[in-house]
Every structure is written in structure tokens, then in C-alpha cells.
Amino acid sequence: MTGIQTLWRLQKVLKKQIEVQNLCFRYKSHEVLKDINLNIYKGDYLAIIGPNGGGKTTFTKLLLGLLKPTKGSIKIFDKSVIEARKEIGYLPQYINFNMDMPINVYDIVLQGRLEPTKLFYTTKDKEIVHKQLKKMNILDLKHRKIKELSGGQRQRVLLARALVKEPKILILDEPTASIDPEGQKDIYALLKRLPLTKIIVSHDIQVLFEGVNRVAHINKKLYIHEDIETTIQRGDGHFCEMELLDYIKSHSCSS
Ligand SMILES: Nc1ncnc2c1ncn2[C@@H]1O[C@H](COP(=O)(O)OP(=O)(O)O)[C@@H](O)[C@H]1O
Ligand SMILES: [Mg+2]
């Protein structure tokens, strides 16, 4: 191995944040994920695409320690997923909001600063929330109730709540699924600018055109493809999922 190759390898090792090894998961007798191997590096913007029922949400829940692997392991920052949880911001696919809750936008975002041992919010918490609301362009909505927001505005609020935790990694499960095309564009533009490691899960391959640098296809097994630009150029942006899957499988760097 040349000096440059050694250096490149060392750099990769130092930048590794998530290591998934031989991961398998089943709900009772239903096998959902099989033999998944994946490394995620600092600054990655990884899209995980795949059909409904392919195991995308299950995979994110395993990364968060909400489910336990049937086999295999996940290390985040070389720690267990539970220990690493405070470094991770999460936007779940479904949030059961009681629309009649009297809580306003400001309080929802402030909840992102909660910690198990914390009894009250500090001035610093409030400053961080104020800044984040401004960054997300929702400061003027701070007194609104959740039911008074559009789908896109609601997602911004939830994104702000995930970000005030100041995570190193952000996991988003179908963040644009229930919003109109204009709102989707907004969310994608916002995400693109965020300077942290991001994992975005979607059944919509539009996500590939929104600045991601790696793509994985998941449908029980996972195939990862690194060279996203070539993938997109090749199809002039017109990919059907099967075509994309074939392409990823034949050019995948690991599986
Ligand atoms: N709590 C559960 N109990 C049993 N099966 C489940 C549960 N949650 C999901 N599944 C099943 O696991 C598979 C993967 O689901 P999921 O991870 O939600 O897929 P995706 O997010 O890709 O649509 C599906 O067949 C789904 O029906
Ligand atoms: Mg899902």
C-alpha cells in the first residue's frame, strides 16, 4: 500500500461515525432486515430509499436504539446506540400530535432542549431556541398552535426541535412525505445547508437530486452506492426505482 493510500484509509477511519455490522432484524418470524453492513462518515448526506415496507423506518429505529438487533451490531462514535443517543437528532415518520394541544411553536421547539435530569430551561436554552427559529425562518410563528400551521411549517418546527439539541447526526424519516411540492423544496433546501451528518429516508427518489452524496437502497438487504453524481447524470434524472436498484447493485461498493 502506498503512503497516500494509507493516509486515505486513516482519514476514513477517523471520520467514521456509524458502523453497522451484519445487522439482522425480525419482528417475531417476519424477517425485515438481513445482513446489513454500512459505514457512515462525518459530513455524509446519505439517502436511504426503498419501497414501502422495505425496512427503512425499522433501520432508523435500530440506529436510535428504539429496537434491538436480532443479530449483528451498531456502533455510533464507537459507543452503543443508547450511549450515543444524545448526539442524534431525529425526525420521525409519524408524530402523534394532539392537534388541540394548547402548546405553541416556541414551546415545542424548546422541548428539544429537554434532558432526563433537567428540571427547568436555562437562558442559554432559550437563546438557542430563538436562534434556531430565526434560522428556520419561523420566528414569526412562535406563538402559533400546531393546528394553525401548514404541513411544511410543521416540519420546519419539528426540524428546529431536533436541531436545538445540537446533534452531530440528523436522522430524518420521510420528512417531505406529507407536504406540498413547494414545502418539499423548502425542506430540501434547508437540509442541504445544514453542516452535519445527515441520513434521510424516503420512498421518493426525488431525494437523490437534493444534494445527497451517497445513496443506499433498502429492501430487506441494503445496497450502498457512492457515486451519486454519475448515477443521476446517467439517467438524466429519469429513473424508475427498478432501474436505479439494478444500477446500484451492479456498482455497489459494499452491501
Ligand atoms: N411493530 C411492528 N410489528 C410487526 N411488523 C412490523 C412492525 N413495524 C413494521 N413492521 C413490518 O416490517 C416491515 C418493514 O416496515 P418499515 O420498517 O416500517 O418499512 P418502511 O419504513 O420501509 O416502509 C413491513 O413489512 C412492516 O409491515
Ligand atoms: Mg417508513
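Residue numbers restart at each chain and count upward from 1, following the sequence in its written direction. Just so you know, chain letters begin at A and ligand numbers begin at 1, following the order they were written in. Two thresholds apply to this predicted model, a pLDDT of at least 70 for residue-level local features and 80 or more for giving and counting side-chain atom pairs, whereas whole-chain, interface and lining totals are computed over all residues. Side-chain figures throughout are based on the complete set of non-hydrogen atoms in the structure, without hydrogens or water.

## Examining the packing of helix α6 (residues 151-163) against helix α7 (residues 181-193)
- With their axes 10 Å apart at the nearest point, α6 and α7 run at an angle of 20 degrees to one another. Of the possible angle classes, the one that applies to α6 and α7 is roughly parallel. Along this stretch, α6 crosses α7, giving a crossing that reads as right-handed. The residues of α7 that touch α6, namely those facing G152, Q155, R156 and L159, are D186, I187, L190 and L191. Angles run from 0 to 180 degrees between N-to-C directions of axes, and those axes are lines fitted to C-alpha atoms, restricted for helices to the stretch in contact. Here a strand is any run of E in DSSP of at least two residues, a helix any run of H or I of at least four, and the numbering for each starts at the N terminus. Any angle from 65 to 115 degrees is called roughly perpendicular, while one under 35 is roughly parallel, one over 145 is roughly antiparallel, and all others are oblique. Take the far helix as the reference: if the near one is turned anticlockwise from it by less than a right angle, the crossing is left-handed, and if turned clockwise, right-handed. Two residues qualify as a contact provided that any one of their heavy atoms is within 4.5 Å of a heavy atom in the partner residue.

## Re the sheet that holds strand β2 (residues 30-41)
- The strand order across the open sheet built from 3 strands is β2-β1-β4, with neighbouring strands paired in antiparallel fashion. At either margin of the open sheet sits one strand with a lone partner, and together these are β2 and β4 (71-76). On average, each strand axis in the sheet is tilted by 15 degrees relative to the strand beside it, whichever way the strands run.
- As paired strands, strand β1 (residues 16-27) and β4 are joined by 5 bridges and run antiparallel to one another. In the sheet register, V20 faces β4, and the bridge partner there is I74.
- Along the sheet, helix α1 (residues 3-15) contacts β1 and β2; its crossing angle with β1, the most-contacted strand, is approximately 60 degrees.
- Contacting β1, β2 and β4, helix α2 (residues 56-63) runs over the sheet at an angle of about 125 degrees to β1. Paired strands, in this sense, are two strands between which DSSP finds at least two bridges.

## Topic: the sheet that holds strand β6 (residues 169-173)
- The strand order across the open sheet built from 6 strands is β5-β6-β7-β3-β8-β9, with neighbouring strands paired in mixed fashion. Each of the sheet's edge strands pairs with one partner strand only, and the pair in question is β5 (88-91) and β9 (221-225). Between one strand axis and the next, the sheet turns by 15 degrees as a mean value, whatever way the strands run.
- Note: β5 against β6, 4 bridges, orientation parallel. Counterpart to I88 in the pairing with β6 is I169.
- Most of the contacts of α6 go to β5, to which it runs at about 165 degrees, and overall it touches β5 and β6.

## Points about the site of ligand 1
- Put simply, a residue is near a molecule or strand once any heavy atom of it comes within 4 Å of that molecule or strand. Lining the immediate environment of ligand 1, one finds Y27, H30, V32, P51, N52, G53, G54, G55, K56, T57 and T58.
- Residues adjacent in sequence count toward polar contacts only when both atoms are side-chain atoms; beyond that, a polar contact is any pair of N or O atoms within 3.5 Å, and within protein one must be able to donate a hydrogen and the other to accept it. The backbone of G54 places a nitrogen or oxygen atom 3.2 Å from an oxygen atom of ligand 1.
- Contact distances for ligand 1 include 2.8 Å between an oxygen atom and a side-chain N or O atom of K56.
- Those elements giving two or more residues to the shell around ligand 1 turn out to be β2 and α2.

## Digging into the coordination of the magnesium ion (ligand 2)
- Protein-derived coordination of the magnesium ion (ligand 2) comes from T57 (OG1) and Q93 (OE1), at a distance range of 2.1 to 2.2 Å. One end of the pair, T57, is in helix α2; the other, Q93, is in the loop between β5 and α4 (105-110), and 36 residues separate them in sequence.
- Under the scheme applied here, a residue whose accessible area is under 20% of the maximum for its type counts as buried, over 50% as exposed, and between as partly exposed, the area being computed with a 1.4 Å probe on protein chains only. Taking relative accessible area as the criterion, T57 reaches 21% and is therefore assigned partly exposed.
- Judged by its relative accessible area of 25%, Q93 falls in the partly exposed class. Donor atoms: N, O and S within 2.8 Å of the metal, or within 3.2 Å for Na, K and Ca. Because water is excluded, sites can look incomplete.

## Focus on the confidence of the model for the protein
- In the predicted model, the protein carries a mean pLDDT of 87, and 87% of its residues have values of at least 70.
- The weakest mean pLDDT in the protein belongs to helix α8 (residues 228-234) at 57; the strongest belongs to β4 at 98. pLDDT measures the predictor's confidence residue by residue and takes values from 0 up to 100.

## What to know about a nonpolar patch on the surface
- Together, L7, L10 and L14 make up an exposed nonpolar region whose accessible area comes to about 340 Å².
- Among the secondary structure elements, L14 is positioned in helix α1. Each patch is built from residues that are more than 30% exposed by relative accessible area and take part in no salt bridge. Like charges join if they lie within 9 Å; nonpolar side chains (Val, Leu, Ile, Met, Phe, Trp, Tyr) join within 5 Å. Reported accessibility uses the Shrake-Rupley method at a 1.4 Å probe radius. Residues are deemed covered only where the shown protein chains occlude them. Just to be clear on terms, a salt bridge is a Lys or Arg side-chain nitrogen sitting within 4 Å of an Asp or Glu carboxyl oxygen.

## Points about the pattern of salt bridges
- This model, assessed by the stated rule, comprises 9 salt bridges.
- Across the pair E19 and K16 runs a salt bridge, and its minimum N-O distance is 2.9 Å.
- By sharing partners, the salt bridges in this structure join R26, E31 and K220 into a single network.

## Some words on the nonpolar core
- Counting 40 residues, the largest nonpolar core has V109, L159, L170, L191, I200, V207 and L208 as its most contacted members.
- Breaking this core down by element, the ones donating at least two residues are β3 (45-49), α4, α5 (123-135), α6, β6 and α7.
- It is α6 that provides the largest number of residues to this core, a total of 6 residues.
- Apart from residues lying up to four places away in sequence, L191 is in contact with Y45, L159, L170, L172, K198 and I200.
- In this description, a nonpolar core means a group of buried Ala, Val, Leu, Ile, Met, Phe, Trp, Tyr and Cys residues linked to one another through side-chain atoms lying within 4.5 Å. Residues V20, L33, I199 and L222 belong to the second largest nonpolar core, which totals 29 residues.

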